[in-house]
Amino acid sequence: MPVGPYLYANDLNEVLKKKHASGGYKSLVFYLEACESGSIFEGLLPEDINIYATTASNAVESSWGTYCPGEDPSPPPEYSTCLGDLYSISWMEDSDTHNLRTETLHQQYKLVKDRTLNGNAYYGSHVMQYGDVGISENLLFQYLGTNPANDNYTFVDENSLRTPSKAVNQRDADLIHFWEKFRKAPEGSSSKITAQKQVVEVMSHRMHIDNSVKLIGNLLFGTEKGPELLSAVRPAGKPLVDDWDCLKNMVRTFETHCGSLSQYGMKHMRTFANICNAGIHKDQMDEATAQACVSIPSNPWSSLERGFSA
């Protein structure tokens, strides 16, 4: 279901700049958990406004859910969802176990980065840092406070936190939830039928979004150039898009004809940014989306009842 307008990277960074200009903080530390979260600050967060930010992933990859059903450790049986994210649990559990009066932000960043990447295993993401990196030499207690029970601990520069047995791509975390509901429901029950319907609807929505975006790319750029252009990644240090109003208009145009992107569809935000960077105008996008999406599927994942995302 749509959850309201997206927070675009340029809007967030403009708010942070205004907060700095008004003297709203002395120094600020920002932990950001999201897929492609590096794109929020890449090429946008200034280095001279006393903000240090770390993100769960770089600008092009998913983050990873953990403490999911079937993992070790697993959530209590009454829960059918992932309880955390590998990046978030790493910095929070690190904060729980260390003396924050002696551990610096940089020391925590290194531990969290190593644990979240998980030795370049199948799952894991690249934790990034942006802004005024010099702030990372400050002690954690200045920003997070401290637990008196840990005040006598000596910081150990090694990762003693337990690595989960596996993790789930955050884009698939909702599938885990719906599949668990279906698996646990009694055979022949109405709840089983409802859960099965939800699994089918969410998969149908994913296919609709992916196929629509692919078709729009082919209509705009041709079947040979379309896939390559839509997946292009800009060099490090450049923001996702040059014209943020264009990006918002492209998302609005897509949702007008094809239905809500929903959280899953946000994976295609780079696609819409690349369409803007290629010089496509709103009327061209309007024509392509109208041709690609003759109708909007009736399932709630594609509904516009809760408004546009942009």
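This text follows the structure it describes.
Reference entry: report on the structure contained in this document.

Thresholds applied
Throughout, a residue's number is its position along its own chain's written sequence, starting from 1. The model is predicted, so local features are restricted to residues of pLDDT at least 70 and side-chain atom pairs to those at 80 or more, both for listing and for counting; the totals for chains, interfaces and linings are taken over all residues. By convention in this description, side-chain values take in all heavy atoms of the structure and omit both hydrogens and water. For two strands to be treated as a pair, DSSP must find no fewer than two bridges joining them. Each helix is a run of H or I in the DSSP string that is no shorter than four residues. Each strand is a run of E no shorter than two, and both are numbered from the N terminus. Lines fitted to C-alpha atoms define the axes here, with helix axes fitted over just the stretch in contact, and angles between the N-to-C directions of these axes take values from 0 to 180 degrees. Helix span is expected to be 1.5 Å times the residue number reduced by one. Exposure classes here rest on a 1.4 Å probe applied to the protein chains alone. A residue is buried below 20% of its type maximum, exposed above 50%, and partly exposed in between. We call two residues contacting when some pair of their heavy atoms lies within 4.5 Å. Take the buried Ala, Val, Leu, Ile, Met, Phe, Trp, Tyr and Cys residues and link them wherever side-chain atoms come within 4.5 Å; each set so joined is a nonpolar core. Throughout this description, a polar contact denotes any pair of N or O atoms lying within 3.5 Å of each other; where both atoms belong to protein, one of them has to be capable of donating a hydrogen while the other can accept it, and for residues adjacent in sequence the pair is counted only when both atoms sit in side chains. Whether two aromatic rings pair depends on their centres lying within 6.5 Å, for rings of Phe, Tyr and Trp, where Trp uses its six-membered ring; planes under 30 degrees apart make the pair stacked, over 60 edge-to-face, and the rest tilted. Whether a charge sits over a ring comes down to the Lys NZ or Arg CZ being within 6 Å of the ring centre and within 35 degrees of the ring normal.

A separate point is the sheet that holds strand β3 (residues 64–66). The three strands lie next to each other as β4-β3-β6, forming an open sheet whose pairing is antiparallel. Edge positions in the open sheet fall to β4 (84–85) and β6 (168–169), since each of these has one partner strand only. Of the pairings in the sheet, the one linking β3 to β6 comprises two bridges and is antiparallel in character. Bridging across to β6, W64 finds its partner in N169.

Mapped onto the elements of the fold, D72 is located in the loop between β3 and β4. Spatially, the C-alpha atoms of D72 and Q107 are 27 Å apart, while their sequence positions differ by 35 residues.

Before going further, it helps to examine the sheet that holds strand β5 (residues 128–131). Taken together, three strands build an open sheet; the order of strands is β1-β2-β5 and the sheet is mixed. Edge strands, defined here as strands with exactly one partner in the open sheet, are β1 (28–32) and β5. Here the strands of the sheet are splayed against their neighbours by 20° on average, with no regard to which way each runs. Note that strand β2 (residues 51–55) and β5 share four bridges and pair antiparallel. Within the sheet, the bridge partner assigned to Y52 lies in β5 and is G131.

What follows covers helix α5 (residues 173–184). Since the α-helix advances by 3.6 residues per turn, residues separated by three or four positions end up pointing in the same direction. Here α5 contains 12 residues, and its C-alpha end-to-end distance of 17 Å stays within 8% of the 16 Å for a straight helix at 1.5 Å per residue. Here α5 has its buried residues at A173, F178, E180 and F182. Along its buried surface, α5 packs onto β6 and α6 (190–230).

The subject of this paragraph is the nonpolar core. Counting residues in each nonpolar core, the largest one holds 41 residues, and the members touching the most others are F41, L247, F254, M269, F272 and I275. Counting only elements with at least two residues in this core, the list comes to α1 (9–21), β2, α6, α7 (244–258), α9 (269–277) and α10 (282–292). At seven residues, the largest contribution of residues to this core is made by α7. With residues near it in sequence (within four places) discarded, F41 still touches L12, N13, L16, F30, L32, A53, T55 and Y130. Formed by 12 residues, the second largest nonpolar core is a distinct cluster that contains L100, V112, I135 and L140.

The topology assignment puts T55 in strand β2. With a relative accessible area of 0%, T55 lands in the buried category. Within polar-contact distance, the side chain of T55 engages the backbone oxygen of S57 at 2.9 Å.

Once that is clear, we can look at the packing of aromatic side chains. Centre-to-centre distance and the angle between the planes together describe a pair of aromatic rings. All told, the structure shown has six aromatic pairs when counted by the stated rule. Measuring from centroid to centroid gives 5.5 Å for F30 and F41, while their planes differ by 75°, and the two rings are edge-to-face. Of the two residues, F30 sits in strand β1 while F41 sits in the loop between β1 and β2, which places them 11 residues apart along the sequence. You can call F41 buried: its relative accessible area is 1%. Considering the side-chain rings of Y31 and W91, the 3.9 Å spacing of their centres and the 20° angle between planes classify their relative orientation as stacked. One end of the pair, Y31, is in strand β1; the other, W91, is in helix α2 (residues 86–97), with 60 residues separating them in the sequence. Through a chain of ring-to-ring contacts, the aromatic side chains of F30, F41 and Y130 assemble into a single cluster. Against the face of F141 rests R101, its NZ or CZ located 4.9 Å from the ring centre. The ring of F182 carries K192 above its face, with NZ or CZ at 4.3 Å from the centroid.

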